[in-house]
Amino acid sequence: MHVRSVNLKDLGSGLFFCAVGVLYGSISLVSLPIGQVFNMGPGFFPIMLCGILLVIGLALVLRSLRNSDAVPFGQISWRAIVVVSLAIAAFALLMAPAGLPIAVFAATLIAAFAAPKANPLHVTLAAAGISIFCTGVFLFGAQMQAPLLGYWFGG
Amino acid sequence: MELFSNLGLGFHTAFQPINLMFCFVGTLLGTMIGVLPGIGPLATISMLLPLTFGMEPTTSLIMLAGIYYGSQYGGSTTAILVNLPGEASSTVTTIDGYKMALKGRAGAALAAAGLSSFFAGSVATILIAVVAKPLTSVALSFGPPEYFALMVIGLTSSIALASGSVLKALGMIVFGLLLGLTGVDVYTNLPRFTFGSIDLLDGLSFVVIAVGVFGISEIIRNLEGNDGTPPKLAKVGRIWPTLVDLKRMIAPTLRGTAIGSAIGILPGGGAMLSSFISYNVEKRTSPNGAEFGKGAIEGVAAPEAANNAAAQTSFIPTLTLGIPGSATMAMMIGAMTIQGVTPGPNVITGNPALFWGLIASMWIGNAMLVILNLPLIGLWVSLLRVPYRILFPAIIAFCCIGVYSVSNSVFGIYMVIGAGILGYFLVKLELEWAPFVLGFVLGPMIEHQLRRSMLISGGDPTVFVTRPISAVLLILAAGLLILVSLPQANKARDEVFTEEV
């Protein structure tokens, strides 16, 4: 018996669409009235869409299994995903307590380590520069509504 | 002449110092961000969108249009100088543009791109001014079924113009339509798909999704194959084209403008397609055909004229019908809605200063591009020299600040993380986000028109085929869908998009 080759990109897409279809479809069925055709309820259109999405998803799954070319998923850069997410989260967490300049500084400092071979000194200097630039342009220039100093500093 | 008085009103509005200034700022910032490699117009607009929120609608739309042109032109600059197209529609420009750059004629290539774009933009602007009014009166006679059918054809043609699998593009459209429904249903006041969150009652934020999937996920992807060294730059050389160059540019620019203007009106994002077509037309008809692919100035002028004309005329369905023709136009509609302007046939009568001001500022924006870009090429080149490892943390900071200033809350910033990660993985699966964005913006509109159609017809679905206009549109949409699903058509489509690239 030979090993069947699978197009993982099609399979993944198909499963993703099916998952969305099932999730949104079941939410609609449970919590949204469907109504009648001449007076559609809030659930009518979503259920229609979920049905279409399920059909598309299933078609993709079938196609991926019948496909003769094996297509791998490809490499995933986990480091970049995790570090970039942390950087953005740091910005969100620090905004109110520490203020804009510190939030920008922290976010850019963390983000820089998403790239391999980040030099700590260069990165710190760059983060400070970007922080000063953003504070000047957005807070003072564009009159952005954000604290200069957060409540940690009595701002 | 009514047209002239309208344009007069437009220029009066656009020449107000504040509007003029923000048109300038918009084109400048748009070019600045658009020049950065790997950042296309969609990412640029989503990043800069929040800057326009504090202004009154007219000024903000004028600035937004400026950002749009700037980002397009910035993309061409990168395409020519480093052989990295910022977006699909400048892919063709890299073929001959970069070859010219390698021969030390980058300056002439940039000037050719700028001048032909300016010419095409001016012609297309006049075209918009001429056809907008009559088209609007047609649009006003449309009922819900016609609108529904129009949106269906818009969505299907976005599949035809997407470069990947038809089935996947279709799936992304439906996914977009579905997520677009998030929030309170206007008919019943019931919350839909909010997962109990108060922050989602107004719907998923358009800016959050755009910044996440076009900004953040793009950065993660760029970090994969990039060790942080700046790209190799070609020398700019002498900027002004020679007289011979100018002569060789004239006919290709004219043809490119015509092709671009015609294709841009079609829904579905014609900028890319028109640049490919006009390049191929020139290659076959030009007396210098043999030079194509080796640095022919025609190969830069024609596609640049075409994609700029198309970028311009794609405003026509957006402004007159309120139906976006491309993902970028969907962003513009999203931005207008945030400003409290509902795009559609009523804008032209209800807010003529805004409408004509926007059109006049399109021309001003194009003129500014020429004035701005050619003398400032040195600046753009130095931007390209900034190493990516310095650049991307700054872009992340801009994205965060942008999203925060939309709502003055951090909720959206957390959502950006989710959108970014989802965006990254779906791109890995070769799912395209452009059809999604179109679906996302059209979701609530298309549902609204469907419900209204059913209300007026008493639940009879044949209303879509018994009304002539909607029947024709739906048949066209079905035909298009069948056509793109055929294996031969798929092959031909692949050839159009991959020829010589």
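Residues numbered from 1 in each chain as written. Chains lettered and ligands numbered in written order. Predicted model: local features only at pLDDT ≥ 70, side-chain atom pairs only at ≥ 80, totals over all residues.

**Q** Please explain the overall build of chain A as it appears in this structure.
**A** Per the secondary structure count, chain A includes five helices and zero strands. Tracing chain A from N to C terminus, the helices and strands come up as α-α-α-α-α. Relative to a compact globule of 155 residues, whose C-alpha radius of gyration would be 15 Å, chain A shows 24 Å and is clearly more extended. By its C-alpha atoms, chain A is 60 × 55 × 25 Å across when sized along the principal axes. Taken over 155 residues, chain A has a buried fraction of 44%. Restricting to contacts in chain A with at least 6 residues of sequence separation, those with at least 24 account for 61%. (Helix = DSSP H or I, 4+ residues; strand = E, 2+ residues; numbered from the N terminus. Rg over C-alpha atoms; globule rule 2.2 N^0.38 Å. Buried ≥ 20, exposed ≤ 12 C-beta atoms within 10 Å, placed from the backbone. Contact = placed C-beta atoms within 7 Å.)

**Q** Would you take a moment to explain the overall build of chain B for this structure?
**A** What chain B contains, in helices and strands, is 22 helices and two strands. The dimensions of chain B, computed from C-alpha atoms along their principal axes, are 65 × 55 × 50 Å. Of all 501 residues assigned to chain B, the portion counted as buried reaches 61%. Taking all contacts inside chain B whose residues are at least 6 apart in sequence as the whole, residues at least 24 apart take part in 80%.

**Q** Looking at this structure, I do not really get the nonpolar core. What am I missing?
**A** Soluble globular proteins tend to bury their nonpolar side chains together. In this structure, Val84, Ile88, Phe91 and Ala107 of chain A together with Ile396, Cys400 and Val416 of chain B are the most contacted members of the largest nonpolar core, which totals 220 residues. Looking at this core element by element, the count peaks at 17 residues for helix H6 (residues 106-140) of chain B. Two domains each donate at least three residues to this core, and these are domain 1 (8-66) and domain 2 (78-153) of chain A. With near-sequence residues (within four places) excluded, cysteine 400 of chain B lies in contact with Ile88, Phe91 and Ala107 of chain A together with Ile413 of chain B. (Core = buried A, V, L, I, M, F, W, Y, C linked by C-beta atoms within 7 Å. Domains from an automatic or database assignment.)

**Q** So what exactly am I meant to see when it comes to the interface of chain A and chain B here?
**A** Accessible area lost upon the coming together of the parts is a frequently used measure of interface size. If you look at the interface, chain A gives 59 residues, while chain B gives 54 residues. If you list the elements that add at least two residues to the side of chain A that touches chain B, you get helix H1 (8-31), helix H2 (44-66), helix H3 (78-98), helix H4 (100-112) and helix H5 (120-141) of chain A. Take the side of chain A that touches chain B: its biggest share by element is 10 residues, from H3 of chain A. Grouping the constituent residues of the side of chain A that touches chain B by class yields 45 nonpolar, 12 polar and two charged. (Nonpolar A, V, L, I, M, F, W, Y, C, P; charged D, E, K, R; others polar.)

**Q** Whenever I open this one, unusual backbone geometry confuses me. Can you help?
**A** Excluding glycine, most residues fall at negative phi; most peptide bonds, likewise, are trans. Residues and elements named next belong to chain B. You will see that phenylalanine 193, though not glycine, has its phi angle at about 50°, which is positive. Locating phenylalanine 193 in the fold gives a position in the loop between strand S2 (191-192) and helix H9 (206-224). Taking the C-beta count within 10 Å as the criterion, phenylalanine 193 has 20 such neighbours and is therefore assigned buried. Even without glycine at this site, glutamate 430 takes up a positive phi of about 65°. As for its position among the elements, glutamate 430 is in the loop between helix H18 (411-428) and helix H19 (433-457).

**Q** Whenever I open this one, the domain arrangement of chain A confuses me. Can you help?
**A** Once the domains are mapped, chain A shows domain 1 (8-66) and domain 2 (78-153). When each unit is reduced to the centre of its C-alpha atoms, the spacing between domain 1 of chain A and domain 2 of chain A is 40 Å.

**Q** I'm lost on the packing of H3 of chain A against helix H17 (residues 388-407) of chain B in this one. Help?
**A** Any two packed helices are characterised by the angle at which their axes cross and by the distance between the axes. Where H3 of chain A meets H17 of chain B, the axes come as close as 11 Å, and the angle between the chain directions of the two elements is 45°. In terms of axis orientation, H3 of chain A runs oblique to H17 of chain B. Every pair of crossing elements has a handedness; the one defined by H3 of chain A and H17 of chain B is right-handed. For the pair H3 of chain A and H17 of chain B, the contacting residues are Val84, Ala87, Ile88, Phe91 and Met95 of chain A in the first and Ile396, Cys400 and Tyr404 of chain B in the second. (Axes fitted to C-alpha atoms, helices over the stretch in contact; angles between N-to-C directions. Parallel < 35°, antiparallel > 145°, perpendicular 65-115°, else oblique. Left-handed = near helix turned anticlockwise from the far one by under 90°.)

**Q** What am I meant to see in the packing of H4 of chain A against H17 of chain B here?
**A** Between H4 of chain A and H17 of chain B, the shortest axis-to-axis distance is 9 Å and the interhelical angle comes to 140°. Taken together, the axis directions place H4 of chain A and H17 of chain B in an arrangement best described as oblique. In terms of crossing hand, the pair formed by H4 of chain A and H17 of chain B is right-handed. Side by side, H4 of chain A and H17 of chain B meet where Val104, Ala107, Thr108, Ala111 and Ala112 of chain A of the first sit next to Arg389, Phe392, Pro393, Ala394, Ile396, Ala397 and Cys400 of chain B of the second. Looking at side-chain class alone, the contact of H4 of chain A with H17 of chain B contains 10 nonpolar, one polar and one charged residues.

**Q** Can you walk me through the environment of isoleucine 359 of chain B in this structure?
**A** Residues and elements named next belong to chain B. As for its position among the elements, isoleucine 359 is in helix H16 (residues 352-385). What makes isoleucine 359 buried here is the crowd of 26 C-beta atoms within 10 Å. Along the chain, isoleucine 359 and glutamine 312 lie 47 residues apart, while their C-alpha atoms are 9.6 Å from each other. Contact partners of isoleucine 359, with chain neighbours within four places excluded, come to Gly10, Thr125, Ile128 and Ala129.

**Q** Help me out: how do you make sense of the confidence of the model for chain B in this one?
**A** Detailed reading of predicted coordinates is not advised where the pLDDT is low. All names here are of chain B. On average, residues of chain B carry a pLDDT of 83, and 92% of them reach 70 or more. By mean pLDDT, helix H22 (residues 487-498) is the weakest element of chain B at 60, and H18 is the strongest at 94. Interface confidence for the predicted complex, given as ipTM, is 0.92, next to a pTM of 0.85. (pLDDT = per-residue confidence, 0-100.)

**Q** Teacher, can you tell me more about helix H5 (residues 91-102) of chain B here?
**A** Residues three or four positions apart in an α-helix share a direction because the helix packs 3.6 residues into each turn. Residue and element names in this part refer to chain B. For H5, spanning 12 residues, the distance from its first C-alpha to its last is 17 Å, which sits close to the expected 16 Å at 1.5 Å a residue. Among the 12 residues of H5, 11 are classified as buried, and the element is accordingly described as predominantly covered. Within H5 the residues assigned to the buried category are Thr91, Val92, Thr93, Thr94, Ile95, Asp96, Gly97, Tyr98, Lys99, Met100 and Ala101. Directly after H5, the chain includes glycine 104, whose backbone phi takes a positive value near 85°. (Expected span 1.5 Å × (residues − 1).)

**Q** Help me out: how do you make sense of the environment of phenylalanine 193 of chain B in this one?
**A** Each C-alpha atom of the pair phenylalanine 193 of chain B and leucine 181 of chain B lies 7.8 Å from the other, and the pair is 12 residues apart in sequence. Leaving out residues up to four positions away in the same chain, phenylalanine 193 of chain B has contacts with Tyr24 and Ile27 of chain A together with Leu181 and Thr182 of chain B.

**Q** Would you mind going over the environment of proline 147 of chain A with me for this structure?
**A** Residue and element names in this part refer to chain A. Take proline 147: it is sitting in the segment after H5. Take proline 147: there are 18 C-beta atoms within 10 Å of it, and that puts it in the partly exposed class. Sequence separation between proline 147 and glycine 99 is 48 residues, and the spatial gap between their C-alpha atoms is 4.9 Å.

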